[in-house]
Amino acid sequence: MILDLTGIRALVTGGTRGIGKAITQMLAAGGARVAVNYKSKSGPADELSRLLGERHFEHMMLRADLTQERAVGTMVKRIDESWGGLDLLVVNHGIWERGAIGEMNLADWKDTINTNLTAPFIVINETLRLLFEEKPSAPKRIIFIASSAGIRGEAEHAHYAASKGGLIAMMKSLAVELAPQGVTVNAVAPGWIETEMTGDYLDTEGNREKILGRIPLRRIGTPEEVAAAVLFLASRQAGFINGHVLRVNGGETI
Ligand SMILES: NC(=O)c1ccc[n+]([C@@H]2O[C@H](COP(=O)([O-])OP(=O)(O)OC[C@H]3O[C@@H](n4cnc5c(N)ncnc54)[C@H](OP(=O)(O)O)[C@@H]3O)[C@@H](O)[C@H]2O)c1
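Residues numbered from 1 in each chain as written. Predicted model: local features only at pLDDT ≥ 70, side-chain atom pairs only at ≥ 80, totals over all residues.

1. Considerations on the overall build of the protein chain
Step number 1: The helix and strand inventory of the protein chain stands at 9 helices and 7 strands.
Step number 2: For the protein chain, whose C-alpha radius of gyration is 17 Å, the value lies close to the compact-globule estimate of 18 Å for 254 residues.
Step number 3: Across its three principal directions, the C-alpha atoms of the protein chain cover 50 × 40 × 40 Å.
Step number 4: Within the span of the protein chain, comprising 254 residues, buried residues form 42% of the whole.
Step number 5: Once local pairs closer than 6 in sequence are excluded, the contacts in the protein chain between residues at least 24 apart make up 75%. (Helix = DSSP H or I, 4+ residues; strand = E, 2+ residues; numbered from the N terminus. Rg over C-alpha atoms; globule rule 2.2 N^0.38 Å. Buried ≥ 20, exposed ≤ 12 C-beta atoms within 10 Å, placed from the backbone. Contact = placed C-beta atoms within 7 Å.)

Following this line, the structure appears as structure tokens:
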């Protein structure tokens, strides 16, 4: 196998549904051990654990609301006790809520910023010492799942676009800061991808056609197409890529 992740210890936040689920499955199939975080929905988590177990993939399911520092601390402690370190952190979890300016209140704004931008800071702060544990054979990586919205902005989603733009700026800062310790930091910026997050919106009359008209490839992307980009950035072969935003959007935002 060209992209071999055998033995790599990975944490995927929000790894039980949609894009995160595809990332988890692809990493596990590539040979990684995967710690899979989710916030509260145990149905999809149980189902994914069953699927991974059937294929004898080493994994652990970790329920934690990542906006809560103590919950993150407990989650990271479990990874440390089980594996004694971490090689790959995929910061994937996120929320996308409509919020027209003048209508959204401060609580809406804070909810999105806390989940999409502050929680990644908490997770990185807590996991950093595990990423620094010595294991010279493994590549050390942080990969953020950003969004096209963080590059081009998004009407009626200023809080979401700001959170994802902030994530890209955080990624670029950490790429420079952590390189001396051998950790590369990159982002994948998906465009429109078919998941529960976007399902209702895309199924609302007229929306899908409107969006397809803006995508040169004239289709919505799949979670697996985002996961493939993550798999590449996680691989040993991507070792000289640092501070990059990889767009997976069918050419919608170039
Ligand atoms: N879908 C798209 O078109 C698209 C486009 C661009 C970027 N993205 C980004 O890609 C990422 C994944 O999106 P998706 O469409 O796969 O989303 P999704 O299907 O809604 O899944 C979201 C995942 O994040 C978890 N999560 C949410 N808040 C959390 C918190 N506070 N703590 C821990 N876990 C939390 C959820 O856990 P529970 O199951 O327990 O709720 C779930 O596992 C997000 O960052 C999103 O912004 C998506």
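2. Some points on the site of the ligand
Step number 1: Around the ligand, a shell composed of 32 residues is seen, among which Gly14, Gly18, Gly94, Thr195 and Met197 lie nearest.
Step number 2: Every element with two or more residues in the shell around the ligand is listed here: α1 (18-29), β2 (33-38), α4 (106-131) and α7 (196-203).
Step number 3: Across the shell around the ligand, the residue classes break down as 12 nonpolar, 15 polar and 5 charged. (Near = placed C-beta within 6 Å. Nonpolar A, V, L, I, M, F, W, Y, C, P; charged D, E, K, R; others polar.)

3. A few points about the sheet that holds β2
Step number 1: Strand order in the open sheet made by the 7 strands is β3-β2-β1-β4-β5-β6-β7, with parallel pairing throughout. Unpaired on one side and paired on the other, β3 (59-63) and β7 (245-248) mark the two borders of the sheet. Recorded for the sheet is a direction-independent mean angle of 15 degrees between the axes of neighbouring strands.
Step number 2: Pairing between strand β1 (residues 9-12) and strand β4 (residues 88-91): 3 bridges, direction parallel. The partner of Val12 across the bridge, within β4, is Val90. (Pairing = 2+ DSSP bridges. Axes fitted to C-alpha atoms, helices over the stretch in contact; angles between N-to-C directions.)

4. A look at the packing of α4 against helix α6 (residues 158-178)
Step number 1: Contact geometry for α4 and α6: axes closest at 9 Å, N-to-C directions at 20 degrees. Between α4 and α6, the interaxial angle falls into the category roughly parallel. Where α4 crosses over α6, the two elements pack in a sense that is right-handed. Where α4 abuts α6, its residues Asp108, Trp109, Thr112, Ile113, Asn116, Leu117 and Pro120 lie against His159, Tyr160, Ser163, Lys164, Gly166, Leu167 and Met170.
Step number 2: For the contact of α4 with α6, the residue count by class is 7 nonpolar, 5 polar and 2 charged. (Parallel < 35°, antiparallel > 145°, perpendicular 65-115°, else oblique. Left-handed = near helix turned anticlockwise from the far one by under 90°.)

So yeah, pure geometry; function would need other evidence.
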